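Survey of secondary and tertiary structure
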Amino acid sequence: MMRRKLLSLLLAVALVVGLVPATAAVATGKTVSVTIDGKKQSYSVNPRIENGRTLVPYRAIAEALGGTVSYDGKSKKATIKKGGQTIELTQGSKSARINGSAITLDAAPLNVSGTLLVPLRFVGESLGVWVTWNGASSTAVLETKRTFKHELGSTTLNSVPKRVVVLFNGGVDISVLLKVKPVGAVESYIQQPFYEYIRSSLIGVKTLGDETQPNVEAIVALKPDVIIATKDRHEGIYKQLSKIAPTIVTKDLADWQDNLQVMSKVFNKEDIATAYLADWKKQVAEFKRKLSAKDKGAAVSIIRINPNGTARAYNTGFAYKIFQELGFSTPKAQRATGEEIIPVASTEQISLLDGDYIFDFTTDWDGDGAILQHQKTWTSSALWKNLNAVKNNKYYKVNSVTWNLSGGALAAKLMLDDLYFYFGLE
């Protein structure tokens, strides 16, 4: 299992690193162009590709975007000021600073005939513009504003946001993947303030209460550039949120792939999302290839025991979507109800919980073990022991955070790793 996780990590890294060179390779030997808001730019020194990296003239671009640039020939240090931001970089060094914070460039700035060329990605990171690479035309596309059509309207941003508020847990997970640290985020349902698997990346982030009822006053105090919300949770307060800051609303709380794509476009991190999703598709294909014939299309039951002692089965949600993508089916009895969340009030209906496999993400909400006693009552009953999955030792208690409560891109990979174990794959 550890070997598989290491290989998965190495593949993901390779995809991220390889994304730009792969597209840039198309441009080798061609003229590299730059557009700003659709207008083609002209420079005394042309952009170029060096060692697979697209390098563009920084001073001319910064000045075109309203920045001021000074250069110290002795130290070979350039200082750029734009919109309250100060950027410092040095010819031949990958180290730079933005408002005093150190960052590392993909490649060292290159001096060509007195013009400093810098990596394309750094332009977006330092000057607050969206940057994409059009491989077909060998063009670096810069946008100073973007309009996002979302589930509850249309929102225009005038620069890549830096003060970000995220109001659902899947979005918090995704912000960690995209290396965007929010100024504020809703707290986790358990393991507060944030889930343990991402907590170290969120030190200093202001907690904003539960995702079902975020603290609006605390959001106002943070003065965000953008609020990332989701329709399932925040439709009722969308107008209120929009008065605080530009608000972008995702369609489905559980659709981590769509949420990743939306957020990556907002944060100018589409290269990370593209690489991650490509790796995910490879891992899904690998899982399907390795899955035994007897388990292909197996009926999977996803359940939990409720705090009041009842149970439910899920034909919707984060884990369900992943099982569907992996080619598993829904138990016939559950499908026949026509419901997405199937209530099971007593053991008389216990057959609704059955499947070829049962995965149980019951959550100890209060940490007092009370709900686990309800779970024990169910799993100790004679009718429970007569379920096919139970008789075949195919009932598993799983991690409620990464299987249900989080709903993010990083959680999806962790759940898939678990499935390798439960289905006996290497």
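Per an unreviewed UniProt entry, the chain goes by Fe/B12 periplasmic-binding domain-containing protein and derives from Paenibacillus pinisoli. Looking at the chain in UniProt, the text filed under Subcellular location (unreviewed entry) is "Cell envelope". UniProt's Sequence similarities (unreviewed entry) comment on the chain is quoted here verbatim: "Belongs to the bacterial solute-binding protein 8 family."

A few points about the overall build of the chain
Counting its secondary structure elements, the chain contains 16 helices and 25 strands. In terms of principal-axis extent, the alpha carbons of the chain reach across some 85 × 50 × 35 Å. Expressed as a percentage of its 426 residues, the buried residues of the chain come to 49%. Long-range contacts, defined as pairs at least 24 residues apart, comprise 60% of the intrachain contacts of the chain with a sequence gap of at least 6. Approximately 19900 Å² of the chain is accessible, and the part contributed by carbon and sulfur atoms is 50%. Of the charged side chains in the chain, 52 are positive and 39 negative; the average position of the first set lies 7 Å away from that of the second.

Remarks on the pairing of strand β9 (residues 101-104)
With four bridges joining them, strand β8 (residues 95-98) and β9 adopt antiparallel strand pairing. When the bridges of β9 are listed, A96 appears paired with I103. Counted along the chain from β8 to the antiparallel partner β9, the turn is two residues long, and its residue N99 has a positive phi close to 50°.

Re the nonpolar core
Among the nonpolar cores identified, the biggest contains 81 residues, and W256, L260, F287, F359, W403, L419 and F423 are the most heavily contacted of them. The element contributing the most residues to this core is helix α16 (residues 409-422), with eight residues. The residues that make up this core include at least three from each of domain 2 (146-270) and domain 3 (291-422). Once residues lying within four places of it in the same chain are set aside, the contact partners of F423 are F287, L291, D295, F328, Y357 and F359. Grouped together as the second largest cluster of nonpolar side chains are 28 residues, I87, F122, V123 and L142 included.

A short note on the side chain of T362
Here T362 is to be found in the loop between β24 (357-360) and α12 (370-379). Owing to a relative accessible area of 10%, T362 belongs among the buried residues under this scheme. Here the side chain of T362 touches I305 through a polar contact of 2.8 Å, landing on its backbone nitrogen. Looking at T362, its side chain comes within polar contact range of the side chain of D360, at 2.6 Å. When sequence neighbours within four positions are dropped, the list of residues in contact with T362 reads I303, R304, I305, I371, L372, Q375 and S400.

Regarding the pairing of strand β4 (residues 53-57)
Burial analysis of β4 places five of its five residues in the buried class, which makes it a mostly covered element. Of the two faces of β4, the one lined by R53, L55 and P57 and the one lined by T54 and V56 are each fully buried. As defined by bridge partners, strand β3 (residues 48-50) adjoins β4 across three bridges and the pair is classed as antiparallel. Counted as the bridge partner of I49 is T54 from β4. Linking β3 to β4, which pair antiparallel, is a turn of two residues; within it N51 sits at a positive phi near 50°. Direction of pairing for β4 relative to strand β11 (residues 115-119): antiparallel, over a ladder of three bridges. Counted as the bridge partner of P57 is L117 from β11.

Things to note about the packing of aromatic side chains
Tallied over the entire structure, the rule returns 23 aromatic pairs. Their ring planes at 25° and their centres at 5.7 Å tell us that F359 and Y396 sit as a pair that is stacked. Pair noted here: F359 is in strand β24 and Y396 is in strand β25 (residues 395-397), with a separation of 37 residues, a long-range link. Like F359, the residue Y396 is buried in the burial classification. Consider the rings of F359 and F423, whose centres lie 6.2 Å apart with planes at 40°: the pair is tilted. Remark: F423 occurs in the segment after α16 and F359 occurs in strand β24; sequence separation between them is 64 residues. For F359, a relative accessible area of 0% corresponds to the buried category.

Describing the sheet that holds strand β18 (residues 206-207)
Reading across from one edge, β18-β17-β16-β19-β20 is the order of the five strands in this open sheet, with parallel pairing throughout. Edge positions in the open sheet fall to β18 and β20 (247-250), since each of these has one partner strand only. Sheet topology note: the strand β17 (residues 184-185)/β18 ladder contains two bridges and is parallel. Each bridged residue has a counterpart across the sheet, and for G184 the counterpart in β18 is K206.

Brief notes about the sheet that holds strand β23 (residues 341-344)
Sheet strands pair by backbone hydrogen bonding; their relative direction is either parallel or antiparallel. Spatially, five strands are ordered β23-β22-β21-β24-β25 in an open sheet, and the strand pairing comes out mixed. Either end of the sheet is taken by a strand with one partner, and the two such strands are β23 and β25. Pairs of neighbouring strands in the sheet enclose a mean axial angle of 25°, with direction left out of account. Judged from the four bridges that link them, strand β22 (residues 311-314) and β23 form a sheet pairing that is antiparallel.

Concerning the pattern of salt bridges
For the coordinates displayed, the defined rule picks out twelve salt bridges. Between E88 and K77 there is a salt bridge, with the nearest N and O atoms lying 3.0 Å from each other. One end of the pair, E88, is in strand β7 (residues 85-90); the other, K77, is in strand β6 (residues 77-82), with eleven residues separating them in the sequence. By relative accessible area, which is 32% here, K77 ends up partly exposed.

Comments concerning the packing of helix α9 (residues 270-290) against α16
Two elements in contact, α9 and α16, have axes separated by 12 Å at closest approach and are oriented at 15°. In terms of axis orientation, α9 runs roughly parallel to α16. Like other packed secondary-structure pairs, α9 and α16 cross with a definite hand, here left-handed. Where α9 approaches α16, its residues Y276, D279, W280, Q283, V284, E286, F287 and K290 are matched on the opposing element by A409, L410, A412, K413, L416, L419 and Y420. Tallied by class, the residues present in the contact of α9 with α16 amount to ten nonpolar, one polar and four charged.

Conventions we followed
Residues numbered from 1 in each chain as written. Predicted model: local features only at pLDDT ≥ 70, side-chain atom pairs only at ≥ 80, totals over all residues. Heavy atoms only, no water. UniProt positions renumbered as here; feature names shortened; annotations may be inferred. Helix = DSSP H or I, 4+ residues; strand = E, 2+ residues; numbered from the N terminus. Buried < 20%, exposed > 50% of the residue type's maximum accessible area, 1.4 Å probe, protein only. Contact = heavy atoms within 4.5 Å. Areas by Shrake-Rupley, 256 points an atom, 1.4 Å probe, with all protein chains shown as cover. Lys, Arg positive; Asp, Glu negative; His and termini not counted. Charge placed at Lys NZ, Arg CZ, Asp CG, Glu CD. Pairing = 2+ DSSP bridges. Core = buried A, V, L, I, M, F, W, Y, C linked by side-chain atoms within 4.5 Å. Domains from an automatic or database assignment. Polar contact = N/O pair within 3.5 Å; in protein donor to acceptor, adjacent residues only side chain to side chain. Phe/Tyr/Trp six-rings, centres within 6.5 Å; stacked < 30°, edge-to-face > 60°. Axes fitted to C-alpha atoms, helices over the stretch in contact; angles between N-to-C directions. Salt bridge = Lys/Arg side-chain N within 4 Å of Asp/Glu carboxyl O. Parallel < 35°, antiparallel > 145°, perpendicular 65-115°, else oblique. Left-handed = near helix turned anticlockwise from the far one by under 90°. Nonpolar A, V, L, I, M, F, W, Y, C, P; charged D, E, K, R; others polar.

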